[in-house]
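For reference, the chains in residue letters:
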Amino acid sequence: MTVNTDFIYCQSDQGDNRHVTDTAVGCNMAIRSEVLEDIGGFDERLPYGHEEAELADRFRDAYSVWYSPDLLVEHPFAESIPDYLEKQYRHGKESIPYYKTRGKNVPKPIVKFMLVPAYYSESSVSLSVISVIGRIVIDVGTLHGYLMYELADSGRRIDA
């Protein structure tokens with residue numbers, strides 16, 4: 001059985017016109033070197049997938065982010081559904097250091113992403129099913145990460 005994995009891509013098409021945006025996707029960012037020097041580079045203490053989000057946050061704190069439809073990258077997120085789910089889990093698990101670095105109340109985004117239905121809906125039923133499964137996997141990973149990092153911060157240990 002062959003499964004179509006075309007849906008497992010970074011989707012960040014914001015239209016045909018240049019405009020200021022709050023969204024910056026790590027797979028396709030262009031930053032002037034003097035701006036990167038001003039805000040500092042990637043925070044290498046952060047795990048998988050969050051160093052680019054944290055850099056984009058600092059960038060947005062100091063500068064405007066522009067979307068350009070001329071800058072196009074096709075970036076497969078995963079090669080298969082198991083690969084997709086593994087990445088979703090890892091992304092959730094490793095989100096905790098990112099939230100802490102940004103000074104966020106860690107339980108708040110966990111609850112928000114678990115309870116807001118908009119994070120589970122897509123343009124078709126089949127995409128919604130995969131989205132729901134992926135979201136549940138992220139949530140399980142996030143809860144695991146929360147327990148793991150909270151216990152580590154308290155001096156106790158939980159195996160990764």
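Rules and cut-offs
- Residues numbered from 1 in each chain as written.
- Predicted model: local features only at pLDDT ≥ 70, side-chain atom pairs only at ≥ 80, totals over all residues.
- Heavy atoms only, no water.
- pLDDT = per-residue confidence, 0-100.
- Contact = heavy atoms within 4.5 Å.
- Salt bridge = Lys/Arg side-chain N within 4 Å of Asp/Glu carboxyl O.
- Helix = DSSP H or I, 4+ residues; strand = E, 2+ residues; numbered from the N terminus.
- Buried < 20%, exposed > 50% of the residue type's maximum accessible area, 1.4 Å probe, protein only.
- Expected span 1.5 Å × (residues − 1).

A short note on the confidence of the model for the protein
Here's step 1: On average, residues of the protein score 80 in pLDDT, and 87% of them are at 70 or above.
Here's step 2: Ignoring residues within four places in sequence, the model shows residues 1–10, a span with pLDDT below 50, making 20 contacts including any to other chains.

Re the pattern of salt bridges
Here's step 1: Summed over the entire model, instances satisfying the criterion amount to nine salt bridges.
Here's step 2: For the salt bridge of Arg 102 with Asp 57, the shortest nitrogen-to-oxygen distance reads 3.3 Å. Residue Arg 102 is located in the loop between helix 4 (95–101) and helix 5 (107–115), and its partner Asp 57 is located in helix 2 (residues 51–62); the two are separated by 45 residues in the primary sequence.
Here's step 3: On the basis of relative accessibility, which here comes to 27%, the residue Arg 102 falls in the partly exposed class.

Section: the side chain of Ser 95
Here's step 1: Mapping Ser 95 onto the fold places it in helix 4.
Here's step 2: In this view, Ser 95 contacts His 50 and Thr 142; residues no more than four positions away in its chain are not counted.

Overview of the environment of Asp 16
Here's step 1: Mapping Asp 16 onto the fold places it in the segment before strand 1 (19–21).
Here's step 2: For Asp 16, a relative accessible area of 71% corresponds to the exposed category.
Here's step 3: In sequence terms Asp 16 and Tyr 67 are 51 residues apart; their C-alpha atoms lie 9.5 Å from each other.

Side note on helix 2
Here's step 1: With twelve residues, helix 2 should cover 16 Å at 1.5 Å per step; its first-to-last C-alpha distance of 17 Å lies within 8% of that length.
Here's step 2: Of the residues making up helix 2, those classed as buried are Glu 54, Leu 55, Ala 56, Asp 57, Arg 58 and Phe 59.

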